[in-house]
Amino acid sequence: MKRSLVMARIILSRRMTCWYLSPIIAFGMVAFILVFRSLLLTTGQELHIAAGGGSTAIAVSLLASAITALATCFPLATAVGITRCDVVLGNLLHHLQAVVYNTLLLAGMLVLEGATGGWFINQPIFGTGLLDHGSWFTFWWFTPLSLLATMVMGASVAAAWLWRGTLGLLLHAATTMAIFMTTLWLISLCWDWARFAAHFNAGWLAGSLALATVLALTGTRARLPVGRRPTCSRRASV
């Protein structure tokens, strides 16, 4: 556990990516849309920009952060004797920190959006997919699970790259597609799609996100290349 915390601190030392990037993206999206709408109004045109771009932009930034964090910090971690198990666990601790931080950030942006009437121009940026089809209860379980699944999948991509480079990425994509297509095939065997869609609820969605997270973690652990101390033995020194 001690080496896992060291790995987490190594990743969190990247302050721009871990702490500053998400607020910059969130308020940058608001500023961009406000300026864009203002420019359109000066020309006498009115355009309602699609909502939801803010939360999507943050999710994409977290995906990129998860990929770069493992890809850049893994060589340093193995150089100081951190095992693969501790690398995966420390990376997961970073994901949990990022999920809590960005969930609170999105909640704050949603509150500001509601209090200002859609940023004073009736333009929702963070609401769609989080509150429009549910409630705050839905937000507090769906947002952390979806962000965690996104980051863990990003880490699995980085692990595939560290494992075999471009070939690893191709194998990762093929494996992901095979799992996805097999799942669809099994669903079609057990239920017809109309019946499945009628019974698909929040519990199924939460379970699917949790399963995807576990599979991605397993893939990350399996694909990380062997370093100087590849096992989880306590005898390995930091």
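These lines cover the structure that appears in this document, whether it is placed above or below.

Cut-offs and rules
Residues numbered from 1 in each chain as written. Predicted model: local features only at pLDDT ≥ 70, side-chain atom pairs only at ≥ 80, totals over all residues. Heavy atoms only, no water. Core = buried A, V, L, I, M, F, W, Y, C linked by side-chain atoms within 4.5 Å. Buried < 20%, exposed > 50% of the residue type's maximum accessible area, 1.4 Å probe, protein only. Helix = DSSP H or I, 4+ residues; strand = E, 2+ residues; numbered from the N terminus. Contact = heavy atoms within 4.5 Å. Phe/Tyr/Trp six-rings, centres within 6.5 Å; stacked < 30°, edge-to-face > 60°. Salt bridge = Lys/Arg side-chain N within 4 Å of Asp/Glu carboxyl O.

Moving on, we get to the nonpolar core. In this structure, I58, M109 and F126 are the most contacted members of the largest nonpolar core, which totals 22 residues. Looking at this core, the elements with two or more residues in it are α2 (15-42), α3 (53-79), α4 (84-115) and α6 (136-190). The element contributing the most residues to this core is α4, with 7 residues. Once you skip the residues sitting within four places of it in the chain, M109 turns out to touch A26, F27, V30, W119 and F126. Within the second largest apolar cluster, 17 residues are counted, among which are I11, A69, F74 and V87.

With the rule as written, the count across this model stands at 7 aromatic pairs. Relative to F126, the ring of W119 lies with its centre 6.3 Å away and its plane at 65 degrees, an arrangement referred to as edge-to-face. The residues W119 and F126 share a single accessibility class, namely buried. Following the ring pairs from residue to residue traces out a cluster consisting of W136, F139 and W140.

This next bit is on the pattern of salt bridges. When the charged atoms of two side chains lie near each other, side chains of opposite charge can form a pair. Tallied over the entire structure, the rule returns 1 salt bridge. For D86, the salt bridge is made with R3, and the minimal N-O distance between the two is 2.8 Å. Within this pair, whereas D86 is found in helix α4, its partner R3 is found in helix α1 (residues 2-12), the two being separated by 83 residues in sequence. Overall, the relative accessible area of 9% leaves D86 in the buried class.

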